[in-house]
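# What the coordinates show
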Protein chains: 2
Amino acid sequence: MSTEHLLAQILAKRSFLCIGLDTDPQQLPAGLQGEEDPVFAFNKAVIDATHHLCVAYKPNTAFYEAGGSRGWASLERTIAYLNTHYPDHFTIADAKRGDIGNTSGRYARAFFEGMDFDALTVAPYMGRDSVEPFLAFEGRFVILLALTSNPGAFDFQTLPCGTEELCLRVLRQSREYSHPERLMYVVGATKASYLSKVREVVPDAFLLIPGVGAQGGSLEEVCRYGMTDGVGLLVNSSRGIIYASQGEDFAAAATKAAATLQMEMAAILKAAGL
Amino acid sequence: MSTEHLLAQILAKRSFLCIGLDTDPQQLPAGLQGEEDPVFAFNKAVIDATHHLCVAYKPNTAFYEAGGSRGWASLERTIAYLNTHYPDHFTIADAKRGDIGNTSGRYARAFFEGMDFDALTVAPYMGRDSVEPFLAFEGRFVILLALTSNPGAFDFQTLPCGTEELCLRVLRQSREYSHPERLMYVVGATKASYLSKVREVVPDAFLLIPGVGAQGGSLEEVCRYGMTDGVGLLVNSSRGIIYASQGEDFAAAATKAAATLQMEMAAILKAAGL
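First, a word on what this report is: a plain description of the structure on this page. Since the model is a prediction, treat every value here as computed from it, not as a measurement. (Residues numbered from 1 in each chain as written. Chains lettered and ligands numbered in written order. Predicted model: local features only at pLDDT ≥ 70, side-chain atom pairs only at ≥ 80, totals over all residues. Heavy atoms only, no water.)

## Details of the overall build of chain A
Scanning chain A from N- to C-terminus turns up twelve helices and ten strands. Scaling as 2.2 N^0.38, a compact globule of 274 residues should have a C-alpha radius of gyration of about 19 Å, and chain A matches this with 18 Å. Looking at chain A as a whole, 64% of its 274 residues are labelled buried. When contacts within chain A are restricted to residue pairs at least 6 apart in sequence, long-range pairs at least 24 apart make up 74% of them. By element, 51% of the accessible surface of chain A is carried by carbon and sulfur atoms, the whole surface being about 9500 Å². (Helix = DSSP H or I, 4+ residues; strand = E, 2+ residues; numbered from the N terminus. Rg over C-alpha atoms; globule rule 2.2 N^0.38 Å. Buried < 20%, exposed > 50% of the residue type's maximum accessible area, 1.4 Å probe, protein only. Contact = heavy atoms within 4.5 Å. Areas by Shrake-Rupley, 256 points an atom, 1.4 Å probe, with all protein chains shown as cover.)

## Structural notes on the pairing of strand 3 (residues 90-97) of chain A
All names here are of chain A. The buried count for strand 3 comes to eight of eight residues, which makes it a mostly enclosed element. Burial of the side chains of strand 3 extends over both faces: Phe90, Ile92, Asp94 and Lys96 are buried on one face and Thr91, Ala93, Ala95 and Arg97 on the other. The pairing of strand 2 (residues 56-58) with strand 3 spans two bridges and is classified as parallel. Opposite Tyr57, over in strand 3, you have Thr91 as the bridge partner. Two strands pair when backbone bridges link them, and strand 3 and strand 4 (residues 119-122) are joined in this way by three bridges, in the parallel orientation. Considered in strand 4, the bridge of Ile92 is made with Ala119. Remark: the strand 3/helix 5 (residues 101-114)/strand 4 crossover connection has right-handed handedness. (Pairing = 2+ DSSP bridges. Right-handed = clockwise from strand over helix to strand, strands pointing away.)

## What to know about the pattern of salt bridges
Summed over the entire model, instances satisfying the criterion amount to 26 salt bridges over all chains. A salt bridge links Lys58 of chain A to Asp94 of chain A; the shortest N-O distance between them is 2.8 Å. Taken as a pair, Lys58 of chain A in strand 2 and Asp94 of chain A in strand 3 lie far apart in primary sequence, 36 residues in all. Relative accessible area serves as the criterion here: at 5%, Asp94 of chain A is assigned to the buried category. The partner of Glu164 of chain A in a salt bridge is Arg172 of chain A, with the nearest N and O atoms 2.6 Å apart. What emerges from the salt-bridge pattern is a single network uniting Lys58, Asp94 and Lys96 of chain A together with Asp99 of chain B. (Salt bridge = Lys/Arg side-chain N within 4 Å of Asp/Glu carboxyl O.)

Functional significance is not addressed by these values, which are geometric in nature.
Shown next, in the form of structure tokens:
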């Protein structure tokens, strides 16, 4: 996948929606419990019901690891299904990995080669040599945590470190890594006012924005401060879409919730002349 | 597991050695390739050959994830084997996880309930609410990344943030989390001179020290600056032990390499009057 292809998808679909597949085995509709792999069955139904309204899918690995090797197999089936049936979608493993160089290389192989994800979220704390092994994979993207959507984001990420906050320092320093063109960043919607500062450091990079919806962030504010000429935004919604209904009509409810966001996005793109 | 029990094991075995099970499926002796689960067979042989010389085992999850759901199953078999046959050993999942609160809770369940590890390494960048869900599990430990052993540690971890370096700030702030008695910290052996500063902030906490051996850290220096009256150290060696020989004699070679470190540790404990 290239950013050009991603942008083309966004403009064609009038959507920069990413759907978070944070699928909790405990919260599945009763009708799926008889399936051989209920988590995959749920994901497949959600994907089939929403693919025309979004450009990206983002499973969070925690929800799959909680099921052990069986959970991991559900994740493998989900990404294989996406790559086979919806190859134009941008796929993100929200894994927040990062380790010493040779070990990061293993994670990179797990997610980029083993499972063929387009992108992986990576934590920046361990610095350059913990991130670059991921950037070595052509056509794959690192989405580096900059400013996350949770309350703890203010513990360290916004600490003044020298002349600027730590998260801005992370952004600035990462531009010197090899292949910065394969870097995107997580910036939480709950901190939309920070987006102007973020855009001063990374004017063109794609930002993955969690926190719209359940966590309280506003789509309109995010776009006001974060949108670029090349859109530059992937806005994620997880629970608001996949658990729009807890009943047997979950797929239809997911379509409806995704369509609501997609229509807002279409209006914003139009107003921006994109 | 309690820290008292861990300390009792250390004093009884005259060892504060942790063995890193960073098992690479590509680097296994030919004789194991016919096994149903060669990675587990290797780990089992290494564990059986070294358990009397160490107090902890630490598989790094990257090496297992690289094998997908099959690799994850090898990890499950390894921790089950440890818990069944060597329940007095302290088990650490070196996973460097961390996410928003409800998601960190999933990781905690995966590692503490699903696999029954005693401890998990956690990355601090996302702050308090990303760490506390792990601390909620009685008898389990979070080993928070403070100062890692890789070159990139100097990118952010040692940045002056206000009155002190970021890693010291991480240490200090973490003492205010709920259940700080369940916190340990990663401090790389390659930065032994930092250990005095670390001990000013966390005088008693256990430190997990990677980087002795292959990465160049010195055991003697680590102990000089980091050891407490209650030992307070777990020194990890991975490649130096598990790949002491690449041949069929790997288990015997692992025993020998572990014994060399254990004897050094015994001498250090004796000299310290412990």
